[in-house]
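Letter by letter, the chains look like this.
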Amino acid sequence: MRSPILELMASYGIDPAYIIIGLTAIILVMIILYVFMLCKIKKMCSNYDKFMCGNDAQSLEETILKQLERLDKLEESDQEKEEQIEHIFENLQTVYQKRGLVKYDAFREMSGKLSYALALLDKNNDGIMINSMYSREGCYSYVKDIINGESSINMSEEEKEALNIAIKGDKNVE
């Protein structure tokens, strides 16, 4: 069998057997890809049938409606959570976030630093100063209001130090 195309290729030094082998390899690869794609399509059709039939012969419409109801409930729940978080955030603005503690000896005859000044402040440096002085006769506690980091009542050195610690966030001093 003589073919002018094969003779032309032979004149350029191309062996027709290589071309035939190459084309055969390409055809085999395409057959393998075709089988692979058929398997994929079969699996996709199976999943589609399951989706369309639903579980226990439920209709697709019922399934979609249930999912929409569930979505509505989730949106309502999300809105409630948002409101709760906002309420918690508002409350956090007024809780005591800063503290300063200074322990000291109130009277020279006592030792052990049993007296203390404790400043408790919120974000705006509003809060209270608690001063507890311990002596042999008893323990005396005093409370002062702190507004914007200041007290309207004169403060002792220890109270001022505790207030500065709370405002600046320094470590406690003993």
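Look up: the structure comes first, before these words.
Residues numbered from 1 in each chain as written. Predicted model: local features only at pLDDT ≥ 70, side-chain atom pairs only at ≥ 80, totals over all residues. Heavy atoms only, no water.

So what's going on with the pairing of strand S4 (residues 139-146)? Residues and values would help.
Note that strand S3 (residues 127-134) and S4 share eight bridges and pair antiparallel. Within S4, the position partnered with Ile128 by the bridge is Asp145. Hairpin connection, S3 to S4: the antiparallel pair is bridged by four residues. (Pairing = 2+ DSSP bridges. Helix = DSSP H or I, 4+ residues; strand = E, 2+ residues; numbered from the N terminus.)

How would you sum up the sheet that holds S3? Please name residues and give values.
Spatially, the four strands line up as an open sheet ordered S1-S2-S3-S4, and their pairing is antiparallel. Two strands in the sheet have a free side with no partner beyond their single neighbour: strand S1 (98-104) and S4. Ignoring strand direction, the axes of neighbouring strands in this sheet form an average angle of 10 degrees. Sheet topology note: the S1/strand S2 (residues 115-121) ladder contains seven bridges and is antiparallel. Bridge pairing links Arg99 to Leu120 in S2. Lying over the sheet, helix H4 (residues 157-168) contacts S1, S2, S3 and S4, oriented at roughly 150 degrees with respect to S1. (Axes fitted to C-alpha atoms, helices over the stretch in contact; angles between N-to-C directions. Contact = heavy atoms within 4.5 Å.)

How would you summarise the environment of Met133 if you had to cite specific residues and measurements?
Along the chain, the position of Met133 falls in strand S3. A sequence separation of 26 residues divides Met133 from Phe107, and the C-alpha atoms of the two residues are 8.6 Å apart.

Explain unusual backbone geometry to me, and be specific about the residues and the numbers.
A negative phi angle characterises most non-glycine residues, just as the trans form characterises most peptide bonds. At Asn125, a residue that is not glycine, the phi angle is positive and equals roughly 60 degrees. Along the polypeptide, Asn125 turns up in the loop between S2 and S3. A relative accessible area of 16% places Asn125 in the buried class. The phi dihedral of Asn148 is positive, around 55 degrees, even though this residue is not glycine. (Buried < 20%, exposed > 50% of the residue type's maximum accessible area, 1.4 Å probe, protein only.)

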